[in-house]
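# Understanding the architecture of this molecule
Each chain, letter by letter, is given below.
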Amino acid sequence: MIQQYILDIIYIAGALSFVFGIKLLGKPESAKKGNFIAAVGMGLSVFGTIFLFKGEGDVHLKNLEWIFGGLIVGSVIGTMMAKRVQMTQMPQMVSFFNGMGGACAALISLVEYHHATTPQVVATYNVITDGVPQVIQVVSDIHPMEIGKALVIYLGLIIGSISFAGSMLAYLKLDEKIKDKVLPLQQVINIGLMAVILGIAACSIFGWISIPYSLYVLLTLSLLYGVLFVMPIGGADMPVVISLLNSFTGVAAALGGFLYDNKVMLFGGILVGSAGTLLTVLMCKAMNRSLLNVLIGNFGGGASKGEARAITGTIKEITKADAASLMKYSKKVVIVPGYGLAVAQAQHICHELEQQLEANDVEVKYAIHPVAGRMPGHMNVLLAESNVSYDKLVEMDEINAEFKTTDVVLVVGANDVVNPAAKNDPASPIYGMPILNVEEATTVIVMKRSMKAGYAGIENELFYNNKTRMLFGDAKKSITELVSELKNA
Amino acid sequence: MDQILEFISQHQNIIYLVALMIFLGVELIEKVPSVLHTPLMSGANAIHGVVIIGAIIIMGQADDLFAKVLGFIAVILGTLNVVGGFVVTDRMLDMFKKKKKS
């Protein structure tokens, strides 16, 4: 009995560690500690379960060799993947791990369903009748599942499978192994499929109609739904979807908590479910869009909404030598990094450019748009990785006040976040999104690979502005040449 | 209908708990600077890996092959979620350390 008490206390500690962990993760200074505390709480809960948990009939868990085998295999693979991944590929890594959690929840439902619907051998007797040895097995009756238990098993399976399939597709899309694809009547198909899934689930849970193998049918349909749900959503919106799927997995974990009456699972799951949902909404807000709009809006899918205003004007190019000397004799330069910088792996050379400019007494800052990169905060991670000081990264509201006193703005691989159409063209799909007001600076140098439009697939008026000079080419190569120009000049 | 009411009454403790947890989750991250959204999401991702406890219980009570095989896979996947999630978050946060100007 004392073991049960200890386990209960471990679970309480584990649950509280999650709360503190998330709280501390919310501040830059304490974030690392928060992650560590949550990890310790998780470790305690896992090992407490292995050694102290007692199931029906007061028996300890068996198959310990298999449990530890699984833990070791998972830990080795997980650590290797997490250590090897490039910082630019962080979003898809998170999505991948999220998918694993979803699959785990779905498997739990499958096994528990199997367990509840298959007669269990409760006793085995060896008897000898007429001199012939026989084995007699006593088998339990199958009772219809209680509604509560059935509800939890079915929902866990549906949500877990959707989360798994959706996350894996998001992972593949971000890795650019799969392209966006919109089926005709996509939203009608999705809603219809969801209705079928819920219908089958309701019939089975409440026992209205018995559908053979309903759980496996639901498994297939839910996996399909996960794929169809993520398929049409554009690359730029993927972080929002990953965050949403993250909270789905949280709910699936909480359902597991109901199933085993396990408070730490319930606690962790619900916490992630609600925090994840709010995080999703906050991400949408940073782009000034509603969640619904992200999910059905085909923002990045290339479907144009309304006629965007035609842009007239000429493009003015600048040579690297001119750009270098222009920046060298400036007082203040603001660099606007975008995903293009990350793709070109130009963050390190960008830091070198910053150092070169500072050696020439130029003040350098980075303007960070809330959705720069592929996830909020992604750009900060990338720049911090290449030793850019944290104080030089300035958030949008703050830096927008400074553009008026800035001599040169260097836009590296960013497009939609500096598009003035968001302010002055109501027909534009990004209308209303807060942007960086770079055109207030004296000169804007835009580094771009080509004139191709950004994720939103719309033209950018900024490129035709009188103040703007274009510098075409690969970001890494261009900045490298800028640095050497600065060194020689 | 009676069944539903009875269900709610029987599980009222859990319903209270869930409702409060939802508010707590929302409160906890409401004032987070957007730079920390990515690590926070990644950290939350690791925390829902707590589902592994369910996988361990299944594996530990498995008698037939079906439960053993699926339980074993579930333990591996759950561990991937937990370990990978925490390690990746830690790596991300390593980048946030304030660096002294050299």
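A short tour of the structure in this document, coming up. This is a predicted model, so every value here is computed, not measured.

### Remarks on the packing of aromatic side chains
All names here are of chain A. One pass over the full model with this rule turns up ten aromatic pairs over all chains. Here Phe 96 and Tyr 171 contribute two aromatic rings whose centre-to-centre distance is 5.3 Å and whose plane-to-plane angle is 50°, an arrangement assigned as tilted. In this pair, Phe 96 is assigned in helix α4 (residues 90-117) and Tyr 171 in helix α5 (residues 147-174), connecting sequence segments 75 residues apart. Residue classification places Phe 96 among the buried positions, given a relative accessible area of 12%. Between Tyr 213 and Tyr 216, the ring centres sit 6.4 Å apart and the planes meet at 55°, which makes this aromatic pair tilted. Its relative accessible area of 32% is what places Tyr 216 among the partly exposed residues. By way of ring pairs, the aromatic residues Phe 47, Phe 51 and Phe 68 are connected into one cluster.

### Quick word on the sheet that holds strand β5 (residues 393-395) of chain A
Residue and element names in this part refer to chain A. Taken in spatial order, the six strands make up an open sheet running β5-β4-β3-β6-β7-β8, and their pairing is parallel. Across the chains shown, the open sheet's two edge strands, defined by having one partner strand only, are β5 and β8 (468-472). Mean inter-strand twist for the sheet, computed between neighbouring axes without regard to direction, equals 25°. Packed onto the sheet, helix α13 (residues 347-359) meets β3 (332-337), β4 (363-368) and β6 (408-412) and runs at close to 145° relative to β4.

### Details of the pattern of salt bridges
One pass over the structure, following the stated rule, counts 13 salt bridges over all chains. Taking the shortest distance from any N to any O, the salt bridge between Lys 32 of chain A and Asp 94 of chain B comes out at 2.6 Å. In this pair, Lys 32 of chain A sits in helix α2 (residues 31-52) while Asp 94 of chain B sits in helix α5 (residues 65-94), so the two residues belong to two different chains. Taking the relative accessible area as the measure of exposure, Lys 32 of chain A reaches 27% and is therefore partly exposed. A salt bridge links Glu 352 of chain A to Lys 487 of chain A, with the shortest nitrogen-to-oxygen separation between them at 3.5 Å. Here Glu 352 of chain A is found in helix α13, whereas its partner Lys 487 of chain A is found in helix α17 (residues 475-488), with 135 residues between them in sequence. When salt bridges that share partners are traced, they join Lys 332, Glu 363, Lys 365 and Glu 402 of chain A into one network.

Rules and cut-offs
Residues numbered from 1 in each chain as written. Chains lettered and ligands numbered in written order. Predicted model: local features only at pLDDT ≥ 70, side-chain atom pairs only at ≥ 80, totals over all residues. Heavy atoms only, no water. Phe/Tyr/Trp six-rings, centres within 6.5 Å; stacked < 30°, edge-to-face > 60°. Helix = DSSP H or I, 4+ residues; strand = E, 2+ residues; numbered from the N terminus. Buried < 20%, exposed > 50% of the residue type's maximum accessible area, 1.4 Å probe, protein only. Pairing = 2+ DSSP bridges. Axes fitted to C-alpha atoms, helices over the stretch in contact; angles between N-to-C directions. Contact = heavy atoms within 4.5 Å. Salt bridge = Lys/Arg side-chain N within 4 Å of Asp/Glu carboxyl O.

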